[in-house]
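# Understanding the architecture of this molecule
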Amino acid sequence: MVMLPEIIVIVTAFAVLLADLFLDERRRVVLAPLALVGLGAAFVAGLAGTSSGEVFGGRFVIDAVGWWFRLFFILAAFVTVVVSLDLLDGRTSVRMRGIGFRGEYYSVLLFTIAGMLYLSAARDMITLYVSLELSTLPLFVLAAWRRDHAPSGEAGLKYVIYGALASSLLLYGLALVYGITGETRMDALAAAVTKASPGALWFASGLIVCGLGFKLTLVPFHMWAADVYEGAPTPVTAYLSVASKGAGLVFAFQIYYRMLGPWLQDWDLAIAFCAAATMTFGNLVAIVQNNIKRFMAFSAISQAGYLILGFIGANAEGVPAMLFYMLVYVVTNLLAFACIVWFGNETGRERIEDYRGLAQTNPMVALGFMLALFSLAGIPPLSGFVGKYFLFSVTAQAGMHWLVAVAAVNSTVSLYYYLRVIRQMYIEPPAEGATTLPITGTLAVTIGVLSAATALLGIIPFFYETIHVHTISWLASL
Amino acid sequence: MGLLSWIIAVPFITMLFVVCVPARQWRAIRWISAFGCGIHLVLTTILVYRYWQEASPNMEAIRSANLATLFFVERIPWFPSLGITYYIGVDGISVSMIVLTSLIIFTGSLASWYVDIRTKEFYALLLLLVTGVFGVFVSYDLFLFFMFYELAVLPMYLLIGIWGTGPKEYAAMKLTLMLLVGSAFVLVGFFALYHASGLHTFDLQQLATVTYKNDFQRWVFPMVFVGFGVIGALYPFHTWSPDGHSSAPTAVSMLHAGVLMKLGGYGALRIAVYLLPEGAKMWALFFMVLSTINIVYGSFGAIMQKDLKYFTAYSSVSHCGFVLFGVATLNVIGFKGAVLQMFSHGIMTGLFFALIGMVYGRTHTRVIPEMGGLAKVMPWFATMFYIGGLASLGLPGLSGFVAETHVFLGGVFGNPWSDRTATLLLTIVATMSIVVTAVYVLRGLATVFQGPITNEHYLELTDARLPERLSTGILAATLFVVGLLPWLFINLTESSIVAIANRLTTAGTP
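Described below are features of the structure shown in this document. (Residues numbered from 1 in each chain as written. Chains lettered and ligands numbered in written order. Predicted model: local features only at pLDDT ≥ 70, side-chain atom pairs only at ≥ 80, totals over all residues. Heavy atoms only, no water.)

This brings us to the packing of aromatic side chains. By convention here, two paired aromatic rings are described through the distance between centres and the angle between planes. All names here are of chain B. Applying the stated rule across the entire model yields 74 aromatic pairs over all chains. Aromatic side chains F122 and W163 sit 5.1 Å apart centroid to centroid with 75° between the ring planes, which places their arrangement in the edge-to-face category. Of this pair, F122 sits in helix α5 (residues 119–138) while W163 sits in helix α7 (residues 155–163), and the two are 41 residues apart along the sequence. Residue W163 is classed as buried on the basis of its relative accessible area, which comes to 10%. Cation over ring: R503 sits above Y274, and NZ or CZ is 5.3 Å from the ring centre. (Phe/Tyr/Trp six-rings, centres within 6.5 Å; stacked < 30°, edge-to-face > 60°. Helix = DSSP H or I, 4+ residues; strand = E, 2+ residues; numbered from the N terminus. Buried < 20%, exposed > 50% of the residue type's maximum accessible area, 1.4 Å probe, protein only. Lys NZ or Arg CZ within 6 Å of the ring centre and 35° of its normal.)

Dropping the structure here:
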């Protein structure tokens, strides 16, 4: 069954929705475990299932890269559900009104994941666009989940407007491509692109890249990110920063490697400037942020700048480097957000200064958070360093040493602001009367497991090497 | 697991033990750390002994080799698809640096005996830092090298930020960022080498077999050299070092000035000069000028200082200038001097910072004019300070003399690729700094220790306790050993140095 994980996710989404309908409030605690079981089953199905296969006459295809992305998405969704538990079940020290409606929350989350899973498997322009919308539309809803919290509403609204704009640009671009080539199937389209008329194709590619930039939060299409990240409920922010970015990357893969590849290969310099601008801008603006979620938003923007380095030079090492970085980023960023969610649940605070003295009141969480931040900054031997190292290597291979220098100096700049948080936790003394904050078992285990993964992913060669083997054969099969 | 892996692993394992002990058992933590460092010292002794046994019959072969001859090599593929291997080994230079680090961390852990705030975190970070340093000295894969290199820099931020004094956060941030920007340039250089070689490997020895284009060497060499120069306090990138050293707690100052700054000289020699000999020839004079400024500027800087730690930090800038000067001479004697100076300065500054920490713990001041006549109440400290001070001004019989003589001789001989008059002139200027050094060292020592006691409160001060005597005694004794029996040290490193120098003469021009 090629489509088994997707089917499991969809079935689970409906099961959660129906269960919500028939259960009374007391019994609705089973919804989250239900969602988790579904996601777990989908993960196992994805892991154990075939890494190649097609249905619908080659319009839904799973290949090595799609296989990895499937696992990333399901992993991200699983962790998101786990970190949402306390908030939705009301186990927080701070009463947060307007959060709840567990059934809808989990099912909407599952639907977005289904959309992302389809996105990576689509081989037809129409399927591609529809699955992109399926993964994005529910996110607008999730961003605005805290209905009586004005910033959350604002987040949802901004996200919808920017999202719709990006979608329309994208759709326009895709329509032009269809008009030029007369094809919707990607393989046929890629073949037609090579002999198409350049003028219109420039325009179409430009539009598509704009839409893509929005998904990946590349400068100058990043405007929405900070407000949406800040306003959305924190677990949703976590999900946005990881899964949504993953979806952007999958989409970029589809465009770059399947549809417009030969066309976009000459855009190296443009990609390089975009990457340099994205990482520099994200880093510089992150320095002045005081709200931890906004801070993470700009951090995520700069990470996107590193991520797209893999497209430069269109060489074979770029794909495994990007996939590996995505894996590392999923784990690391979720670790950071697990800590932020926990802190928000217990104190209701979001300012960076509020974290002062955490190393003395909750040393283990502080350690986990520090690991995540150091890894994001690219400090060895943590996985973030190894991930960046591979990406920088790809850039250097393309002969763009200046870009490697920009990126490496940017890592140092980013360290400056990550250190701001670490300073609050480790160097500043705790506020007077601060005591150890309680932590639920699930969150503690999540933080522990993710910390271990963040520390070890880069040292254990297994993951990178496996990705490498898979992607080399994948590239050969394109 | 081979001997070298254990050398890296022991501090790390000790750190894990420290992490597992509850924080309130701070006495146990102290003992565990000291014990771990003690074991390490034993391992290092075994290493020196075995190295000696294996290397001495092959001395001639090592000397005439074109590549560094490595011993105790361990090589495990790590990321085979990118040509990254866990490749460690040692030559004479590495061994000497390991000895240095091992001594400093052992004495440093004793010198930190009285750290009573967050003891557990302190020792854990200290041990993590040392793991990185040992890793750098044995790595012969650039990826591995870089990984350990940054691992050695980062704990510094927290160590200074939490346990430091004065404007500690500013100092910690400045130090961390400057060093990491330096390493960013090193990283670019590494990638350039990796791709330019076309060998698809980060293996240092294999990369050295390639002759890189002159144009390539022209821009990569200064990048790598300056990148390492930042941590070696190369002028004008040295500004982090006085702030960092004076704000850091005792053991961290010791490790930092004693060992971490040596990573700069070591990297410059081992990677920049070794891999890019043509680049080295092109830029030798330029870097010689910079390091001369280091030497002179550092010593004049030290004269102006009122704070004992700043005083030592500026003298460090000057002394690290000797290391870089030695590297820039591009001849065997200069290299020998550089390596000797790394060792000698490491021990000397380690001793200084240990003493300053101990004296500060008693007098609660580091301001030189506020002290006076301390020799009467703390004769042990005074003696140790004098030994360190005399080594620093290059008194024969102490290690500083041997090192500086070699460096200056290297300068006098010069290299055939730079202007002869210019190198001679620079050497003369640099030599003058010895006089300045004598002025500030003697004046400083006289103010602090001689004359009548200036403050009644000083009469109640106690002299060194056992751990303090042990740590300072070991370091002072080492200064004498190297000073009186320099051949011990020179024999250890010479053959490996000659192998690096051989690369300069044999590497052809494409």
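A word on empty space enclosed by the protein. Per the stated rule, a full pass over the model turns up ten cavities of 30 Å³ or more. Approximately 160 Å³ is the volume found for the largest cavity. Lining of the largest cavity is provided by 17 residues; of these, G378, A408 and S411 of chain A together with E150 and L187 of chain B occupy positions nearest its centre. Sorting the residues of the lining of the largest cavity by element identifies α17 (383–397) and α18 (401–427) of chain A together with α6 (142–153) and α8 (168–197) of chain B as the ones contributing at least two each. Here the lining of the largest cavity is built from residues that sort into eleven nonpolar, four polar and two charged. The computed volume of the second largest cavity comes to approximately 80 Å³. In terms of lining residues, the second largest cavity is bounded by L308, F311, T312, F352, I368, F385, V441, G444, L445, V448 and F449 of chain B. For the lining of the second largest cavity, the secondary structure elements donating two or more residues are α14 (308–328) and α19 (420–449) of chain B. Broken down by element, the residue count for the lining of the second largest cavity peaks at five residues, all from α19 of chain B. Partitioning the lining of the second largest cavity into residue classes produces nine nonpolar, two polar and no charged. (1 Å grid on protein atoms, 1.4 Å probe; cavity = no way out; pocket = protein on both sides within 12 Å on 5 of 7 lines; lining within 4 Å. Points joined across faces, edges and corners; volume = space filled by probe spheres on them. Nonpolar A, V, L, I, M, F, W, Y, C, P; charged D, E, K, R; others polar.)

Further remarks concern unusual backbone geometry. Omega for the peptide link from V219 of chain A to P220 of chain A comes to 5°, which places this bond in the cis form. Its location among the elements puts P220 of chain A in the loop between α8 (198–216) and α9 (224–231). The omega angle of the peptide bond from Y235 of chain B to P236 of chain B is 0°, so this bond is cis rather than trans. Among the secondary structure elements, P236 of chain B is positioned in the loop between α10 (214–231) and α11 (240–247). Residue F56 of chain A is not a glycine yet carries a positive backbone phi of 55°. Mapping F56 of chain A onto the fold places it in the loop between β1 (53–55) and β2 (60–62). Owing to a relative accessible area of 59%, F56 of chain A belongs among the exposed residues under this scheme.

What follows covers the environment of I162 of chain B. As for its placement among the helices and strands, I162 of chain B is situated in helix α7. Sequence-wise, I162 of chain B and R118 of chain B are 44 residues apart; in three dimensions their C-alpha atoms are separated by 9.0 Å. Aside from chain neighbours lying at most four places away, what touches I162 of chain B is Y426 and I427 of chain A together with R118 and K168 of chain B. (Contact = heavy atoms within 4.5 Å.)

Frequently, the measure chosen for interface size is the accessible area removed from exposure when the parts meet. Of the residues lining the interface, 36 residues belong to chain B; the matching set on chain A comes to 38 residues. Both faces considered, chain B and chain A share a buried interface measuring about 3300 Å² in area, 78% of it formed by carbon and sulfur atoms. Put simply, chain B and chain A have one salt bridge between them. For the interface between chain B and chain A, the tally reads six residue pairs in polar contact (both at pLDDT 80 or more). Every element with two or more residues in the side of chain B that touches chain A is listed here: β1 (71–79), α6, α7 and α8 of chain B. The dominant element in the side of chain B that touches chain A, judged by the number of residues it contributes, is α8 of chain B, at 14 residues. Grouping the constituent residues of the side of chain B that touches chain A by class yields 27 nonpolar, five polar and four charged. (Buried area = accessible area lost by both parts, 1.4 Å probe. Salt bridge = Lys/Arg side-chain N within 4 Å of Asp/Glu carboxyl O. Polar contact = N/O pair within 3.5 Å; in protein donor to acceptor, adjacent residues only side chain to side chain.)

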